[in-house]
Amino acid sequence: MEPVVPLPLDLSTLDSLTQSAKDYAVLNGLTYLTGGQNNTSDLVSFAPFALLPSPVPRALFVQARAVQKDFNLLVHRVSHDRAFLSRCLSSVVKVDNFTASLFHIYEQVQEEGVTQPICLGLHRSDYLLDNTTNNDGVGTNGVTACRQLQLKQTEINTIAAAGAGFGEKIARVHKHVLNLLGVADAYKHIPENRALDSQLDGFVAAWEQYGSQKAIIVFVVEEERCRNVFGQRLSEFTVMERHPGLVVKRYSLRQIAEDAELKSDKTLFIHGSEVAVVYFRAGYSPAHYPTEKEWSARLKIERSRAIKCPCISYHLAGTKKVQQELAQPGVLERFLEDPKAVSRVRATFAGQHTLEMGLEGDRTVQMVMRSPEDYVMKPQREGGGNNIYGEDIRTVLNELMQKDFEERTAYIVMDLICPAVLQNYFIRPGDWPRLQDSSCELGIYGVFMAEGDQVFHNKQGGHYLRTNGSSGGDGGVYVGNAVLDSPYLV
Ligand code: ADP
Ligand code: MG
């Protein structure tokens, strides 16, 4: 695939374009915190972005959107299958304290009886555009191997899927840039992105379903303001602007532990307000639970009548281990009765392999030790920067073998996806525009709300494109080497 315009750009064009794009980004609120004392808004910059939108084959974009409703339903069904969740996670919880603590809350609430059967899902399914050579559809002489990009899922995020508001903003920056470059018809290639509105629809649907005019929505956030606080604020302020009277408040898990009260009918109150919906923008990392207090807050919320986004079972359904199990033959059929839905979902799966104790897990170890460069090893963690690649996989497995090999079950192994590489300028605060090899990762949002078999809301909810530098490693826009981007459909 070719970049949207021939690269490199001449220096004076690059210079004026970069300046204009940065200004446009700041003016439009494509911003993040650059640090400083207490992460106040006194030190703000544009968020890192790609100067040009990245070409994405239209067919793959359409495919990713089309499968989202299947994924929404899949998460819901999986989360309601206690036997399956328990079996999937039984080995992990023995060696991974964090997943064990989440699972313990799940079990406790299941035993007590779930007070709020309605769950709200604001998911994001992420894909790389796989560029592995394949021989599908080649001519009969069998000589030519065709390279055809394929949509391959890296993971589905069921908790704290960020970025909903920034997709529209970066698309506007890109339209501005292409306008300056004189690219005709740019508007036809950059798709509409209603991610923020879709998210808003989900919040309002959940709040209405709860059915109390005075009740509020609580965003659970980290104790310290994070770099991406404006992304959260955008969701928060948009709800309040578009739905006057509906109040959103932000609390940390510690504050909820200290100040929230669970009434005898399981209604959750904080500072005198009844809570209708709890939306987790924190709570997915062990770092968010420094003491038992934070765990007690999670349990308190889970026991309450408030509608959770996500409920603990959606959170668990999004673990890497569950995703690895879903990729095994015959498993999707247990949850999706429509064979077409099964095919749509399965087509996006890369190979995934168990590391459980036993023959199958041993086979995975042998396979990975032989050619670690073909795999990624993933622990049950979210937020980027946790995966193990290449030679490091050998090192980690060798280390585990020497202490307690059962600890390998905290991980899963996934086939390495080799995304299409293309050049783009990375624009970062305080840095020159850098022309880098890059590959993009497409996220599609899903908005879902159901009570048991009754589905109230199942929508595909817009997109999010990140571009990663191909220097290795992973991590999001705010923690790693990625920049915000938008798809240019070709
Ligand atoms: P996290 O929950 O930390 O975001 P991910 O599974 O999304 O975990 O992995 C983080 C990053 O690692 C992804 O954004 C992607 O860039 C890269 N990655 C994940 N899985 C693969 C894979 N199978 N092949 C290549 N890169 C991958
Ligand atoms: Mg991810």
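Because the structure is predicted, anything quoted here is derived from the model rather than measured. (Residues numbered from 1 in each chain as written. Chains lettered and ligands numbered in written order. Predicted model: local features only at pLDDT ≥ 70, side-chain atom pairs only at ≥ 80, totals over all residues. Heavy atoms only, no water.)

Visitor: Lay out the packing of helix α6 (residues 97–112) against helix α12 (residues 292–303) with the relevant residues and their values.
Guide: Running from N to C, α6 and α12 cross one another at 35°; their axes reach a closest spacing of 10 Å. Viewed along their axes, α6 and α12 form a crossing whose handedness is right-handed. Note on element contacts: α12 touches α6 through Trp295, Arg298, Leu299, Glu302 and Arg303, opposite Phe98, Ser101, Leu102, Ile105, Gln108, Val109 and Glu112. For the contact of α6 with α12, the class distribution of residues is six nonpolar, two polar and four charged. (Axes fitted to C-alpha atoms, helices over the stretch in contact; angles between N-to-C directions. Helix = DSSP H or I, 4+ residues; strand = E, 2+ residues; numbered from the N terminus. Left-handed = near helix turned anticlockwise from the far one by under 90°. Contact = heavy atoms within 4.5 Å. Nonpolar A, V, L, I, M, F, W, Y, C, P; charged D, E, K, R; others polar.)

Visitor: Quick rundown of the site of ligand 1? Include the residues and the values.
Guide: Not every one of the 19 residues close to ligand 1 is listed here, only the nearest: Glu155, Lys320, Lys378, Gly384 and Glu441. Between ligand 1 and the protein, one listed contact pairs an oxygen atom with a side-chain N or O atom of Glu155 at 2.8 Å. Between an oxygen atom of ligand 1 and a side-chain N or O atom of Glu441, the distance comes to 2.6 Å. Coverage of ligand 1 by the protein chains reaches 93% of its 540 Å² of free accessible surface. Mapped by element, the contributors of at least two residues to the shell around ligand 1 are β6 (150–157), β14 (375–379) and β16 (411–415). (Near = heavy atom within 4 Å. Polar contact = N/O pair within 3.5 Å; in protein donor to acceptor, adjacent residues only side chain to side chain. Areas by Shrake-Rupley, 256 points an atom, 1.4 Å probe, with all protein chains shown as cover.)

Visitor: Which residues make up the environment of Ala215, and what values do they have?
Guide: Position of Ala215 among the secondary structure elements: in the loop between α9 (195–210) and β7 (216–220). Separated by 19 residues in sequence, Ala215 and Leu196 have C-alpha atoms that sit 22 Å apart. With residues near it in sequence (within four places) discarded, Ala215 still touches Trp207, Tyr210, Leu246, Glu274, Val275 and Ala276.

Visitor: Lay out the UniProt feature "binding site: substrate" (unreviewed entry) in the protein chain with the relevant residues and their values.
Guide: Those residues carrying the UniProt feature "binding site: substrate" (unreviewed entry) are Arg124, Gln232 and Arg466 in this numbering. Along the chain, the position of Gln232 falls in helix α10 (residues 229–242). A relative accessible area of 4% means that Gln232 is categorised as buried. Those residues in contact with Gln232 that lie beyond four places of it in its chain are Phe219, Val221, Cys226, Arg250 and Arg281. By the element assignment, Arg466 lies in strand β19 (residues 454–469). In this structure the side chain of Arg466 is engaged in a polar contact, spanning 3.2 Å, whose partner is the side chain of Asp126. (UniProt positions renumbered as here; feature names shortened; annotations may be inferred. Buried < 20%, exposed > 50% of the residue type's maximum accessible area, 1.4 Å probe, protein only.)

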